[in-house]
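If you want the building blocks of each chain, they are given just below.
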Amino acid sequence: MLMQRGIREADMTVTADDGTQLAGTLVMPSGPGPHPAVVLLWPTRMDREGDLGKARFAVGRTLAEALAAHGVASYRFDRRGVAGTPGQWRAATFLQNRSDSAAALRALAARPEIAATGAIGHGEGALHAAWLGAHSSAAAVVMLAGHAMTGEQALHWWAERAVADLPALSRLALRPLGRSPGEQVARLCARIRATTADVARVYGRRVNAGWLRQYLDYDPKPDLAAVGVPLLALTGDRDLQVSPDDLEVIAALVPGGEARLLPGLTHTLRREQDPQALRAYGEQYQRPVDALLVEQVASWSAAHLARVPVSGLAG
């Protein structure tokens, strides 16, 4: 184990249901255990830090260290076909990512130095975290930029704002024959649903079609309504990929759920004072994840996981 400011860090591999070895990092707080713990979940094709190529989300270690400072252990892992985990990311489906998330939570809960377990997720990971709150032993859940719409509805919501953010010439190029962004998305969804393989060509490009088919049809509302543990949903009012209005839906669906709208926060979990713009993501990645967000997530997780009596933990 590596030692840094009293925080213990080690590699940890989790065996998924199909035998795939999920490579990740376990971070333990200083001091004797057992400690509460969370699994950190990012969207498909991201590594354990939440990074995707040049998009350096860099949230994994930041959040893990903040959690450890509050006495909470964490496990974060590379998605299939990314970094240390074998496989092909295009062939991984939405439900397979969910299954891997559940396997990671079970492996974490099985460790003798771990007490209560929970889940924290961003984007797609937020949907899987909420599912774990409804269908596993997770004792607390945090949704970062998670939505309550179906995947197709979320894609429509995002497309309208993404196109509005593009230069005029680009908007014209995306509207052949006068088609609106909504019509473009509807045609794309139809093409995706016509595929049958996990990896297929759509408009000439190889895409993760199996993941897309399952995501488009997934409606998180029934699972949100089934969550029986504390849940915190956080979304920024500058988010261009998830509707901040869904916070009200989540709070209404989850008994005792708490929703917080964070002023100035974007989907990248950075603050932005300028008008919302997708093209600003590159600059935002050069700055650290918002410290206030990190502190809220860490302190809330520690407080709610600490309330679970060790003697009453599920295996």
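Residues numbered from 1 in each chain as written. Predicted model: local features only at pLDDT ≥ 70, side-chain atom pairs only at ≥ 80, totals over all residues. Heavy atoms only, no water.

(A) Region of interest: the packing of helix α2 (residues 94-109) against helix α7 (residues 209-217). Two numbers describe how α2 lies on α7: the axes approach to 7 Å, and their chain directions differ by 85°. Viewed along their axes, α2 and α7 adopt a mutual orientation that is roughly perpendicular. Touching F94, L95 and N97 of α2 are W211, Q214 and Y215, all from α7. For the contact of α2 with α7, the class distribution of residues is 4 nonpolar, 2 polar and no charged. (Axes fitted to C-alpha atoms, helices over the stretch in contact; angles between N-to-C directions. Helix = DSSP H or I, 4+ residues; strand = E, 2+ residues; numbered from the N terminus. Parallel < 35°, antiparallel > 145°, perpendicular 65-115°, else oblique. Contact = heavy atoms within 4.5 Å. Nonpolar A, V, L, I, M, F, W, Y, C, P; charged D, E, K, R; others polar.)

(B) Quick look at the nonpolar core. Core analysis: the largest hydrophobic core is formed by 54 residues, its most contacted members being V39, Y75, L132, M143, L224, L231 and I250. For L231, the contacting residues outside a window of four places in its chain are A130, V141, M143, L224, I250, V254, G257, E258 and W300. One finds L63, A116, L265 and A298 within the second-largest nonpolar core, a separate group that totals 36 residues. (Core = buried A, V, L, I, M, F, W, Y, C linked by side-chain atoms within 4.5 Å. Buried < 20%, exposed > 50% of the residue type's maximum accessible area, 1.4 Å probe, protein only.)

(C) Representation of the side chain of R270. Along the chain, R270 falls in the loop between β11 (258-262) and α10 (281-284). At a separation of 2.9 Å, a polar atom in the side chain of R270 contacts the main-chain carbonyl oxygen of T268. (Polar contact = N/O pair within 3.5 Å; in protein donor to acceptor, adjacent residues only side chain to side chain.)

(D) Structural detail: the packing of aromatic side chains. For the structure on display, the rule yields 6 aromatic pairs. Relative to F57, the ring of W42 has its centre 6.4 Å away and its plane inclined at 90°; by these criteria the two rings are edge-to-face. Highlighted residues: W42 in the loop between β4 (35-41) and α1 (60-69) and F57 in the loop between β4 and α1, separated in sequence by 15 residues. In terms of burial, W42 and F57 fall into one category: buried. Where F94 meets Y215, the ring centres are 6.0 Å apart and the plane angle is 50°; that geometry is what we call tilted. Remark: Y215 occurs in helix α7 and F94 occurs in helix α2; sequence separation between them is 121 residues. Both residues of the pair, F94 and Y215, count as buried. One aromatic cluster in this structure is built from F94, W211, Y215 and Y218. (Phe/Tyr/Trp six-rings, centres within 6.5 Å; stacked < 30°, edge-to-face > 60°.)

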